[in-house]
Amino acid sequence: MVAKDIMTRDIITVSPRTKVKDLAMILIKNQISGAPVADKTGKILGIVSEADIVAKRGKDANAIMSRKVVSVRQDTSLDEIAQLMMTHAIKRVPVTDGGKIIGIVSRADIVSAIAMGEQVSIRTPIYDL
């Protein structure tokens, strides 16, 4: 199974100019914990999450978003996506094509795949203590 098999295609994105109050309302209304920040062409600029709203000060998404975005292609395996989430301590991974967002995979999507019987293995280092 790969990203395109489980990704959410109906993506809720926000503009860099979205006010923090409006951003909070978007997350609550759509029952999501974060959203990609994209420009008018669909190019991803960052990710904004509930944690960013709580922990950072700023008037809009541009001021509080996380600018380091870990993204994947639609043919990326679930194992690799799960590994990226664990390595980077992130909860969602945008799926991009040509720099534009076409979907998003969340931890809940991976959990759903596991519930359907998909095997997901995360390679973690083993330390000899």
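Residues numbered from 1 in each chain as written. Predicted model: local features only at pLDDT ≥ 70, side-chain atom pairs only at ≥ 80, totals over all residues. Heavy atoms only, no water.

A. Local environment of unusual backbone geometry. With a phi angle near 50°, glutamine 31 is a residue other than glycine that sits in the positive phi range. Mapped onto the fold, glutamine 31 is located in the loop between helix H2 (20–30) and strand S1 (34–38). Unusually for a residue other than glycine, alanine 89 sits at a positive phi of about 50°. Mapped onto the secondary structure, alanine 89 falls in the loop between helix H5 (78–88) and strand S3 (92–97). (Helix = DSSP H or I, 4+ residues; strand = E, 2+ residues; numbered from the N terminus.)

B. Structural context of the pattern of salt bridges. Here the structure, examined in full by the defined rule, presents 2 salt bridges. Here aspartate 52 and lysine 56 are joined by a salt bridge, their closest N and O atoms 3.0 Å apart. Residue classification places lysine 56 among the partly exposed positions, given a relative accessible area of 35%. With its nearest N and O atoms 3.2 Å apart, the salt bridge here joins arginine 73 to aspartate 75. Residue arginine 73 is classed as exposed on the basis of its relative accessible area of 54%. A residue is classified by how much of its surface remains accessible, and aspartate 75, at 46% relative accessible area, is partly exposed. (Salt bridge = Lys/Arg side-chain N within 4 Å of Asp/Glu carboxyl O. Buried < 20%, exposed > 50% of the residue type's maximum accessible area, 1.4 Å probe, protein only.)

C. Here's a closer look at the nonpolar core. One finds Val72, Ile81, Val105 and Ile110 to be the most contacted residues of the largest nonpolar core, which totals 15 residues. Mapped onto this core, the elements with two or more residues apiece are helix H1 (3–6), H5, S3 and helix H6 (107–115). For this core, the leading source of residues is H5, giving 5 residues. Among residues more than four places away in sequence, those in contact with isoleucine 110 are Ile6, Ile81, Ala82, Met85, Val105 and Val120. Of all hydrophobic cores here, the second largest spans 10 residues; its members include Val14, Val20, Ala35 and Ile64. (Core = buried A, V, L, I, M, F, W, Y, C linked by side-chain atoms within 4.5 Å. Contact = heavy atoms within 4.5 Å.)

D. Up close: the pairing of S3. Among the 6 residues that make up S3, 5 are buried, leaving the element largely enclosed by the rest of the structure. Bridge count for S3 against strand S4 (residues 100–106) is 6 bridges, and the pairing is antiparallel. Across the sheet, aspartate 97 pairs through a bridge with lysine 100, a residue of S4. Between S3 and S4, which pair antiparallel and follow one another directly, the connecting turn spans 2 residues, one of which, glycine 98, has a positive phi of 65°. (Pairing = 2+ DSSP bridges.)

E. Examining the side chain of threonine 18 more closely. Summarising the element assignment, threonine 18 is placed in the loop between H1 and H2. You can call threonine 18 buried: its relative accessible area is 14%. Looking at threonine 18, its side chain comes within polar contact range of the main-chain oxygen of serine 15, at 3.0 Å. Beyond its immediate sequence surroundings of up to four residues, threonine 18 is in contact with Leu23, Ile26, Lys59, Asp60 and Ala61. (Polar contact = N/O pair within 3.5 Å; in protein donor to acceptor, adjacent residues only side chain to side chain.)

F. Spotlight on H5. All of the buried residues along H5 are Leu78, Ile81, Ala82, Leu84 and Met85. When H5 is viewed along its axis, its buried side chains cluster within an angular range of 160° and face the same direction. Within H5, the exposed residues directed more than 90 degrees away from the buried face are Met86 and Thr87. Structurally, H5 contributes buried residues whose contacts are with H1, S3, S4 and H6. (Arc of directions from axis to C-beta.)

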